[in-house]
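# Structural characterization, general
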Amino acid sequence: MSNRVFEAEEVVEHNSPKDLYMVFEGKVYDVTSFAEDHPGGLDILLDYGGQDCTKSYRDVGHSAAADELLQEMYIGDLKPGAEERLLELRQPRTEESDAPSILLILALIIVPAVAVIGYMKFKG
Ligand code: HEM
């Protein structure tokens, strides 16, 4: 069976924590299931979501165990020569969730609370 070949256009779409592809040495890996457990953190992986991580992966000096893990997540090959196209298509990171941030929730509680307290003090 021949390996699936991915276009750069397809790989770049997979750049969120729940759908995360990465390219290493011309091969495409679906690291979604592992991303949350990455010892180096999810955040650093998201920086390479849908992108080539060959250099950074090597620079960290990942262990043979890490290499094996990576092989288990292999899903196909990047179209030959498409690395440059990947960079051209680089998209802004997709954030973890579209739920409102904790800061926003706090602001929504604190602002009315301060307003009510202020009003009560003002009334005497
Ligand atoms: C794409 C698949 C990846 C896999 C399967 C993977 C796997 C692992 C594993 C198993 C470790 C534990 C140490 C070791 O065994 O070497 C680790 C550590 C680490 N990884 Fe990755 N990694 C991946 C990608 C990356 C990328 C793209 C970066 C970006 C720079 C990165 C940064 C790190 C860092 C900084 C640590 C060290 C964490 C620490 O010891 O505090 N990893 N990774």
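None of the values given here were measured: they were computed from a predicted structure.

Right, let's get into the layout of surface pockets. Computed from the structure, the largest pocket encloses a volume of approximately 370 Å³. If you list the elements that add at least two residues to the lining of the largest pocket, you get helix H3 (42–46), helix H4 (54–60) and helix H5 (64–72). Within the lining of the largest pocket, the residues separate by chemical class into 14 nonpolar, four polar and no charged.

Attention now moves to the environment of Val60. Note that Val60 resides in helix H4. Assessed through its relative accessible area of 57%, Val60 is described here as exposed. Each C-alpha atom of the pair Val60 and His38 lies 13 Å from the other, and the pair is 22 residues apart in sequence.

Within the first shell, the iron atom of the ligand binds the protein through His38 (NE2) and His62 (NE2), at distances of 2.0 Å. Considering all six donor atoms around the iron atom of the ligand, the spread of angles at the metal, 88 to 179°, places the coordination shape in the octahedral class. A residue pair is termed long-range when its members are at least 10 positions apart, and His38 in the loop between helix H2 (32–35) and H3 and His62 in the loop between H4 and H5 qualify at 24 residues. Of the residues examined, His38 reaches a relative accessible area of 13% and is grouped as buried.

Along strand E3 (residues 19–24), five of the six residues are buried, which leaves the element largely enclosed by surrounding structure. Summarising the sheet, strand E2 (residues 15–16) and E3 pair through two bridges and their orientation is antiparallel. The residue of E3 that forms the bridge with Asn15 is Leu20. Joining the antiparallel neighbours E2 and E3 is a turn of two residues. In textbook terms, the turn of a hairpin is the stretch between consecutive antiparallel strands, and for E3 and strand E4 (residues 27–30) this stretch comprises two residues, one of which, Glu25, has a positive phi near 50°.

Definitions and limits used
Residues numbered from 1 in each chain as written. Predicted model: local features only at pLDDT ≥ 70, side-chain atom pairs only at ≥ 80, totals over all residues. Heavy atoms only, no water. 1 Å grid on protein atoms, 1.4 Å probe; cavity = no way out; pocket = protein on both sides within 12 Å on 5 of 7 lines; lining within 4 Å. Points joined across faces, edges and corners; volume = space filled by probe spheres on them. Helix = DSSP H or I, 4+ residues; strand = E, 2+ residues; numbered from the N terminus. Nonpolar A, V, L, I, M, F, W, Y, C, P; charged D, E, K, R; others polar. Buried < 20%, exposed > 50% of the residue type's maximum accessible area, 1.4 Å probe, protein only. Donors = N, O, S within 2.8 Å, 3.2 Å for Na, K, Ca; no water. Tetrahedral: all angles 85-135°; square planar, octahedral: opposite > 155°, others 65-115°. Pairing = 2+ DSSP bridges.

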